[in-house]
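Single-letter residue listing:
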Amino acid sequence: MAKIGIITIWAERGQGILSRTYRDALVDLGHEVFVFSRTGFVYGQPIQQSDGELKVPNLYLYPKYEIPTSAIKLWANTNGLKVVLTNEEYDFSLPAALREIGVKTIAYVDFIRNDWANPLRDTYDQLWTSTNRTHKLLNSLGLSEITNYTGCGIHPRMPYLGNKEPKYDYFH
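The rules behind these values
- Residues numbered from 1 in each chain as written.
- Predicted model: local features only at pLDDT ≥ 70, side-chain atom pairs only at ≥ 80, totals over all residues.
- Heavy atoms only, no water.
- Helix = DSSP H or I, 4+ residues; strand = E, 2+ residues; numbered from the N terminus.
- Buried < 20%, exposed > 50% of the residue type's maximum accessible area, 1.4 Å probe, protein only.
- Axes fitted to C-alpha atoms, helices over the stretch in contact; angles between N-to-C directions.
- Parallel < 35°, antiparallel > 145°, perpendicular 65-115°, else oblique.
- Left-handed = near helix turned anticlockwise from the far one by under 90°.
- Contact = heavy atoms within 4.5 Å.
- Nonpolar A, V, L, I, M, F, W, Y, C, P; charged D, E, K, R; others polar.
- 1 Å grid on protein atoms, 1.4 Å probe; cavity = no way out; pocket = protein on both sides within 12 Å on 5 of 7 lines; lining within 4 Å.
- Points joined across faces, edges and corners; volume = space filled by probe spheres on them.

**Q** It is not clear to me how the overall build of the chain should be interpreted in this structure. Could you clarify?
**A** In terms of regular secondary structure, the chain is built from 5 helices and 9 strands. Element order for the chain, N to C, with α for helix and β for strand: β-α-β-β-β-β-α-β-α-β-α-β-α-β. Counting the 172 residues in the chain, one finds 46% classified as buried.

Next up, the structure:
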């Protein structure tokens, strides 16, 4: 199987939960997964976790939000990555740098601006989204050939805190 990387904020919040769900699904399929965790912020305070459910093998904690392309290239080359999934990546120089060294790139996209159509097309091999709204928007921007709707999942170990017989479970 493949060596796959994920660039994300790794913490108990929407992005971290979604990234962990993708990570665990890829591991269950037999892939070796490496997580590059950038530091996120909540109410102006840095957040990054590596304990409990977020304690996983091949986790690299980066001390800042901004990541230089040299750090991403070194991480990808050191770990022999063939594919990297980014989660809500707004710095298009990172996937461009990965493509320069032959790494396939996938973006998880939820938030999007209209002027991102060309950068997304130029720097990613695939786009994944879990919402119908974003899927339709990406298609309307002419990105349907590289866009994949994954649906919105919940990590299987997330506790359900709502009704006893819920019609829908949704965390983000």
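**Q** I would appreciate a short explanation of the packing of helix α2 (residues 69–78) against helix α3 (residues 93–100) in the present structure.
**A** Between α2 and α3, the least distance of the axes is 9 Å, while the angle of their chain directions is 45°. It follows from the interaxial angle that α2 and α3 lie oblique. Crossing of α2 against α3: the hand is right-handed. For the pair α2 and α3, the contacting residues are Thr-69, Ile-72, Lys-73 and Ala-76 in the first and Ser-93, Leu-94, Ala-97, Leu-98 and Glu-100 in the second. Residues of the contact of α2 with α3, tallied by class, amount to 5 nonpolar, 2 polar and 2 charged.

**Q** Where do I start with empty space enclosed by the protein in this structure?
**A** For the structure on display, the rule yields 2 cavities of 30 Å³ or more. By volume, the largest cavity is sized at about 70 Å³. For the largest cavity, the full set of lining residues is Thr-86, Glu-88, Glu-89, Tyr-90, Phe-92, Ala-107, Tyr-108, Val-109, Phe-111, Trp-116, Leu-120 and Tyr-124. Looking at the lining of the largest cavity residue by residue, the class counts come to 9 nonpolar, 1 polar and 2 charged.

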